[in-house]
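One-letter residues, chain by chain:
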Amino acid sequence: MRHLSSDGGHIGSVRLRYQGGTLIAEGAWVPYAVWDDRVRGYRALALYYSTIMKYLTAAGYDVHDDVLRLDDVEFEDRISLKQFQEDALRAWESSGSRGIVVLPTGTGKTFVALKAMARLSIPTLVVVPTIDLQVQWSRRIAEGLGYEPGMLGGGRQDVRAVTVATYDSAFLHAEKLGNRFGLLVFDEVHHLPAQNYRAIAEFSAAPYRMGLSATPERGDGLDSSYPLLVGNIVYRTAVSEMAGSEVAPFSIQRVYVDLPPDERSRYEELEREFRGTLMRLGIDIRAKDGFQRLIRFAARNRDARRALLARLEMNKIAMNTDAKLEGLRRLLAERAGTPSIIFTRYNELAYKISREFLIPIITHETPKGEREEILEGFRDGRYRAVVTSTVLDEGIDVPDATLAIVLGGFGTTRQLVQRLGRILRKREGKTATMIEVVARGTLDYNLSRRRRIAVHGSVEGKD
């Protein structure tokens with residue numbers, strides 16, 4: 001069958017097929033495509049499948065669509081949503097079943113995605129950053145949808161109509177996975193725009209896409225690629241809006257400590273070296289690209305490298321000062337028996353706290369079995385506190401805690417929101433508290449100030 005274009009010309013047929021993360025159009029040019037002599041057709045990223053199909057259909061072409069290869073899948077929908085979760089899902093559906101849902105940690109973003117899977121009832125690839133999250137998602141899919149998903153990552157390569165993959169493994173297999181799923185779910189979607197991981201979205205023809213995160217913004221500006229890769233932010237609720245209703249009411253406090261004389265002397269010596277080098281190099285570290293300029297200089301300038309090392313040592317002094325241990329000692333005495341998570345920036349301080357206070361420690365070096373035993377002990381009350389560096393920020397289902405003590409971190413709102421989320425599980429009569437122990441007159445103080453734009457647009461609380 002042939003169609004006539006609006007000007008009376010004949011419109012022919014086009015064959016569209018998938019090959020290694022790309023689409024090949026035979027018979028006509030399509031948007032976002034370039035000619036490829038090797039296949040005698042036009043080639044475009046699989047990402048543009050929906051756009052190309054709309055173009056061909058509107059133009060009146062007969063399309064032989066040989067792109068998606070979707071297996072049958074049946075779910076048992078056991079998911080009940082709260083009103084705000086239903087609102088989030090409807091916002092996503094109204095945006096063409098594409099986009100990002102932003103909800104605070106612990107408010108059930110997973111269930112929004114599971115309900116979307118149940119309603120679409122098509123093969124789905126769920127992409128997660130860690131093995132722990134992979135296991136959690138697998139369990140929730142089985143419980144909520146009555147389907148045992150495949151696992152890709154952590155030594156497993158079992159791809160099924162519903163598969164949970166780590167970002168690393170999904171990237172490695174992106175070219176083979178790109179036409180096997182109709183829905184992509186990106187948990188902790190802020191990982192997706194990274195240089196390698198974005199290929200998972202680019203090489204996929206999946207028309208439906210959902211991103212999930214409590215903190216989608218990135219410091220490098222790559223979050224500007226969300227509309228292309230997964231869609232716009234379609235629903236967003238700040239943690240402050242849900243305090244008392246869906247999460248525990250909370251407060252954020254700060255306790256300030258002073259470096260002891262020997263540490264202060266060394267810190268100021270390093271600071272003079274650092275600032276003097278910046279002046280000689282003509283770099284304003286406060287400028288938007290100031291630190292990046294210093295890094296570029298360091299690749300070819302010995303003084304710039306020394307300045308970076310001086311700044312690193314300044315950070316370690318500020319984050320690991322013995323004054324913070326004394327501050328921690330006072331807080332633990334004041335709040336004896338309160339289920340607490342202690343966060344540090346460096347493993348060095350976490351291990352020191354573990355030894356001195358006899359508190360179980362979890363870092364990236366902790367074996368899985370030991371970590372599970374510690375979390376179970378924390379859950380049943382055998383341990384009243386756990387100390388960690390950054391491994392509990394994301395990707396592990398942490399037992400209920402009431403107090404978070406932050407002895408050091410990065411200057412990102414994401415880390416603050418993630419750590420806060422670890423203590424916000426709602427319980428009758430519970431009020432969650434986060435206390436930052438901050439070293440005055442140091443980089444630690446500056447980073448603490450930068451973190452305050454996390455909740456409600458700005459974190460409540462004064463110095």
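As a convention, each chain's residues are numbered from 1 in the sequence order in which they are written. In view of the model being predicted, local features appear only for residues whose pLDDT reaches at least 70, and side-chain atom pairs are presented and counted only at 80 or more, with totals across whole chains, interfaces and linings using the full set of residues. To get the side-chain values, all heavy atoms of the structure are used, and hydrogens and water are removed first.

A word on the overall build of the protein chain. Under the scheme used here, helices are H or I runs from DSSP no shorter than 4 residues and strands are E runs no shorter than 2 residues, and both carry numbers assigned from the N terminus. When helices and strands are tallied, the protein chain shows 17 helices and 21 strands. Seen along its three principal axes, the alpha-carbon backbone of the protein chain occupies a region of about 85 × 60 × 40 Å. Counting the 463 residues in the protein chain, one finds 54% classified as buried. The contacts of the protein chain with a sequence gap of at least 6 include a subset with a gap of at least 24, amounting to 70%. Here the Shrake-Rupley method, with its probe set to 1.4 Å, supplies the accessible areas, and only the displayed protein chains count as covering residues. With the model as given, the accessible surface of the protein chain reaches about 21,400 Å², and the carbon-plus-sulfur share is 48%. Counted as positive: Lys and Arg. Counted as negative: Asp and Glu. His and the chain ends are not counted at all. Working definition for charges: the position is that of NZ of Lys, CZ of Arg, CG of Asp or CD of Glu. Here the protein chain contributes 66 positively and 60 negatively charged side chains, and the mean placements of these two sets differ by 4 Å. Relative accessibility decides the category of a residue: with a 1.4 Å probe and only protein chains considered, values under 20% of the type maximum give buried, values over 50% give exposed, and everything between is partly exposed. Every residue pair with non-hydrogen atoms within 4.5 Å of one another is taken to be in contact.

On to the packing of helix 13 (residues 322-334) against helix 14 (residues 347-357). Helix-helix packing is described using two parameters, namely the angle between the two axes and the distance between the axes. At a minimum axis distance of 12 Å, the contact between helix 13 and helix 14 shows a crossing angle of 50°. Between helix 13 and helix 14, the angle falls in the class oblique. Seen along the crossing, helix 13 lies across helix 14 with a hand that is right-handed. Where helix 13 approaches helix 14, its residues Asp322, Leu325, Leu328, Arg329 and Leu332 are matched on the opposing element by Leu349, Lys352, Ile353, Glu356 and Phe357. Polarity classes work like this: nonpolar for Ala, Val, Leu, Ile, Met, Phe, Trp, Tyr, Cys and Pro, charged for Asp, Glu, Lys and Arg, and polar for all others, with Gly in that last group. Across the contact of helix 13 with helix 14, the residue classes tally to 6 nonpolar, no polar and 4 charged. Helix axes use the C-alpha atoms of the stretch in contact, all axes being lines fitted to C-alpha atoms, and the angles between their N-to-C directions lie in the range 0 to 180 degrees. With respect to orientation, any angle under 35 degrees is reported as roughly parallel, any angle over 145 as roughly antiparallel, any angle of 65 to 115 as roughly perpendicular, and every other angle as oblique. Each crossing gets its handedness from the near helix: less than a right angle anticlockwise from the far helix is left-handed, clockwise is right-handed.

For a helix, the expected span equals 1.5 Å multiplied by the number of residues minus one. Under the 1.5 Å per step criterion, the end-to-end length of helix 13 is 19 Å for 13 residues, consistent within 8% with the ideal 18 Å. Regarding helix 13, the residues found buried are Ala323, Lys324, Leu325, Gly327, Leu328, Leu331 and Leu332.

Further remarks concern the confidence of the model for the protein chain. What pLDDT reports is the predictor's confidence in each residue, on a scale of 0 through 100. Mean pLDDT for the protein chain: 90, with 94% of residues reaching 70 or above. In the predicted structure, residues 1-10 sits below a pLDDT of 50 and forms 14 contacts with residues beyond four places in sequence or in another chain. Here residues 454-463 is a poorly scored stretch, pLDDT under 50, and it has 27 contacts once near neighbours within four places are set aside; other chains count.

This brings us to the sheet that holds strand 20 (residues 403-406). Strands sit in the order 16-21-20-17-19-18 across an open sheet of 6 strands; the sheet is parallel. Two strands bound the open sheet, and with one partner strand each, they are strand 16 (250-257) and strand 18 (361-362). Note that strand 18 and strand 19 (residues 385-388) share 2 bridges and pair parallel. Opposite isoleucine 361, over in strand 19, you have valine 387 as the bridge partner. Where helix 16 (residues 413-421) meets the sheet, its contacts fall on strand 16, strand 17 (340-343), strand 20 and strand 21 (432-439), and the angle it forms with strand 21 comes to roughly 140°. By definition, two strands form a pair when at least two bridges between them are found by DSSP.

A word on the environment of aspartate 72. Inspection of the secondary structure puts aspartate 72 in the loop between strand 7 (62-66) and helix 2 (83-94). In sequence terms aspartate 72 and serine 121 are 49 residues apart; their C-alpha atoms lie 8.6 Å from each other.

Another point: the packing of helix 3 (residues 109-120) against helix 4 (residues 131-145). For the pair helix 3 and helix 4, the least separation of the axes is 11 Å and the interaxial angle reads 50°. By the angle between their axes, helix 3 is oblique relative to helix 4. Read as a crossing pair, helix 3 and helix 4 show a hand that is right-handed. In contact with Thr110, Ala113, Leu114, Met117 and Ala118 of helix 3, helix 4 contributes Trp137, Arg140, Ile141 and Leu145.

One open sheet holds the 5 strands; their spatial order is 5-6-4-3-7, and the pairing between them is mixed. Because the sheet does not close on itself, it has two edges, and the strands there are strand 5 (34-36) and strand 7. Recorded for the sheet is a direction-independent mean angle of 30° between the axes of neighbouring strands.

What the second largest pocket holds in volume is close to 780 Å³. For the lining of the second largest pocket, the elements supplying multiple residues, two or more each, are helix 2, helix 3, helix 4 and helix 16. The dominant element in the lining of the second largest pocket, judged by the number of residues it contributes, is helix 4, at 4 residues. When its residues are assigned to classes, the lining of the second largest pocket shows 11 nonpolar, 12 polar and 13 charged. Here a cavity means grid points, on a 1 Å grid over the protein atoms only, where a 1.4 Å probe fits yet cannot get out; a pocket means an open set of points with protein on both sides within 12 Å along at least five of seven lines; lining residues are those with an atom within 4 Å of a point. Grid points are joined across faces, edges and corners, and a volume is the space filled by probe spheres set on the points.

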